[in-house]
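Working through the structure, step by step
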Amino acid sequence: MPMLEGKKLLITGVVNRESIAYEVARQAQEAGAEVILTSFGRVRRMTERSAAKLPQPPDVLELDVNSTEDLEALAGDLRERWGRVDGILHAIAFAPEDALGGKFLETPAESAEVAFRTSAFSLKALTVALADLFPDEGAAVVGLDFDASVAWPVYDWMGVAKAALEATSRYLARDLGPRGVRVNLVSAGPLGTLAARGIPGFGDLATAWERQAPLGWDTDDPGPVASAILFLLSDMARAITGEILHVDGGFHAMGTALAPVMEEANA
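Residues numbered from 1 in each chain as written. Predicted model: local features only at pLDDT ≥ 70, side-chain atom pairs only at ≥ 80, totals over all residues. Heavy atoms only, no water.

**Things to note about helix α2 (residues 43-51)**
Within α2, burial applies to Thr-47, Ser-50 and Ala-51. Down the axis of α2, the buried side of the element spans an arc of 100 degrees, and every buried residue falls inside it. For α2, the exposed residues set more than 90 degrees away from the buried face come down to Arg-45 and Arg-49. Buried positions along α2 lie against α1 (20-30), β2 (34-39) and β3 (60-62). (Buried < 20%, exposed > 50% of the residue type's maximum accessible area, 1.4 Å probe, protein only. Helix = DSSP H or I, 4+ residues; strand = E, 2+ residues; numbered from the N terminus. Arc of directions from axis to C-beta. Contact = heavy atoms within 4.5 Å.)

Put into structure tokens, the structure is as follows:
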């Protein structure tokens with residue numbers, strides 16, 4: 001039986017075919033799941049074009065995750081359409097331009113608050129909005145993370161927001177665990193998505209991964225990250241919650257870049 005046979009999944013964050021969420025949707029359909037996508041505003045047309053290229057083109061529902069009205073409408077639509085939701089992929093993040101790119105000390109509170117609400121609080125908002133649709137046997141919520149245990153160049157208040165996302169996932173795991181709802185994050189290495197390429201200094205991060213990930217890292221291949229997300233959405237991860245699964249070629253476990261050591265060994 002396919003890994004996600006019969007599962008009904010809500011997937012946010014699909015913009016184009018380079019999106020991690022797009023690859024999750026594609027693999028999820030191949031694994032037997034039924035999926036619905038969300039998008040909003042001007043991006044929605046791009047999402048709809050991408051949805052049309054999936055093996056089974058899904059509907060795209062309107063969702064500004066900061067809008068209470070949109071969250072309520074989404075829950076109502078899914079209740080009428082499916083009656084339940086077995087899993088959610090939270091692939092939502094945003095920080096204003098003045099909260100990124102080395103402007104950490106100058107960022108105004110308003111921009112930091114936007115980054116927090118959209119990138120971290122939204123995990124709680126979306127999960128709680130759909131909580132009544134989780135079946136008695138439980139459900140899975142997975143969010144996309146970028147390791148917030150350290151400070152990164154140029155990531156600035158998005159890094160702070162990711163730290164808040166990590167804490168939010170743990171508290172959701174605590175409060176929803178008794179209902180069988182699992183909440184986990186996947187901390188992915190840098191991938192060349194539209195959002196990532198908009199971060200100043202993305203190329204430097206990609207270069208760092210090339211030198212430090214012992215398994216290597218392909219910034220153009222979201223497949224391994226999507227496969228890990230599918231695992232966490234599946235019943236095979238039924239005893240895992242509050243976890244941050246690193247899918248980064250092993251970068252996070254290395255204390256320094258490997259390339260100089262390898263070059264010296266070959267000398």
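Read on for the rest.
**Considering the pattern of salt bridges**
As enumerated under the stated definition, the model contains 10 salt bridges in all. Residues Arg-44 and Glu-48 are paired through a salt bridge, measuring 3.1 Å at the closest nitrogen-oxygen approach. Note that Arg-44 and Glu-48 are positioned in helix α2 at a spacing of four residues, about one turn of the helix. Across the pair Arg-84 and Asp-86 runs a salt bridge, and its minimum N-O distance is 3.0 Å. The class of Asp-86 is buried, set by a relative accessible area of 5%. Bridged by salt links that share partners, the residues Glu-23, Arg-26 and Glu-30 form one connected network. (Salt bridge = Lys/Arg side-chain N within 4 Å of Asp/Glu carboxyl O.)

**Considerations on the layout of surface pockets**
Quantified by volume, the second largest pocket comes out at close to 170 Å³. Residue lining of the second largest pocket: 13 residues in total, with Lys-7, Glu-137, Gly-138, Ala-139 and Asp-235 positioned closest to the centre. Split into classes, the residues belonging to the lining of the second largest pocket amount to four nonpolar, two polar and seven charged. (1 Å grid on protein atoms, 1.4 Å probe; cavity = no way out; pocket = protein on both sides within 12 Å on 5 of 7 lines; lining within 4 Å. Points joined across faces, edges and corners; volume = space filled by probe spheres on them. Nonpolar A, V, L, I, M, F, W, Y, C, P; charged D, E, K, R; others polar.)

**Describing empty space enclosed by the protein**
On inspection of all chains with the given rule, the structure shows one cavity of 30 Å³ or more. Taken as a whole, the largest cavity holds about 30 Å³ of empty space. Lining the largest cavity are Phe-146, Asp-147, Ser-187, Ala-188, Gly-189, Trp-209, His-246 and Asp-248. The class makeup of the residues in the lining of the largest cavity is three nonpolar, three polar and two charged.

**Some remarks on the nonpolar core**
Ile-11, Val-225 and Ile-229 are the most contacted members of the largest nonpolar core, which has 48 residues in total. Contributing elements (two or more residues each) for this core: β1 (8-11), α1, β2, β5 (139-145), α5 (156-176), β6 (181-188), α7 (202-212) and α8 (223-233). A per-element tally of this core places α8 first, with seven residues. Apart from residues no more than four positions distant in its own chain, Ile-229 is found in contact with Ile-20, Val-24, Leu-89, Val-142, Leu-144 and Val-186. (Core = buried A, V, L, I, M, F, W, Y, C linked by side-chain atoms within 4.5 Å.)

**Quick word on a nonpolar patch on the surface**
Residues Phe-104, Leu-105 and Val-160 make up a contiguous nonpolar surface patch of roughly 300 Å² in combined accessible area. Counting through the fold element by element, Phe-104 comes out in the loop between β4 (87-90) and α4 (109-129). The partly exposed category is assigned to Phe-104, whose relative accessible area is 34%. (Patch = residues over 30% accessible without salt bridge, like charges linked within 9 Å, V, L, I, M, F, W, Y side chains within 5 Å. Areas by Shrake-Rupley, 256 points an atom, 1.4 Å probe, with all protein chains shown as cover.)

**Structural notes on the packing of helix α3 (residues 68-81) against α4**
Remark: α3 packs on α4, axes separated minimally by 9 Å, with the N-to-C direction vectors making an angle of 35 degrees. As for how α3 packs across α4, the hand of that crossing is right-handed. For the pair formed by α3 and α4, the contact residues are Leu-71, Leu-74 and Ala-75 on the first element and Ala-125, Leu-126 and Ala-129 on the second. (Axes fitted to C-alpha atoms, helices over the stretch in contact; angles between N-to-C directions. Left-handed = near helix turned anticlockwise from the far one by under 90°.)

**Observations concerning the packing of aromatic side chains**
Under the criterion given, the structure shown has eight aromatic pairs. Look at Phe-116 and Phe-121: their rings are 6.5 Å apart centre to centre, the planes differ by 45 degrees, and that puts the pair in the tilted class. Seen in terms of ring centroids, Phe-146 and Tyr-155 are 5.3 Å apart; in terms of plane orientation they differ by 65 degrees. Their pairing is edge-to-face. By relative accessible area, Phe-146 is classed as buried at 9%. (Phe/Tyr/Trp six-rings, centres within 6.5 Å; stacked < 30°, edge-to-face > 60°.)

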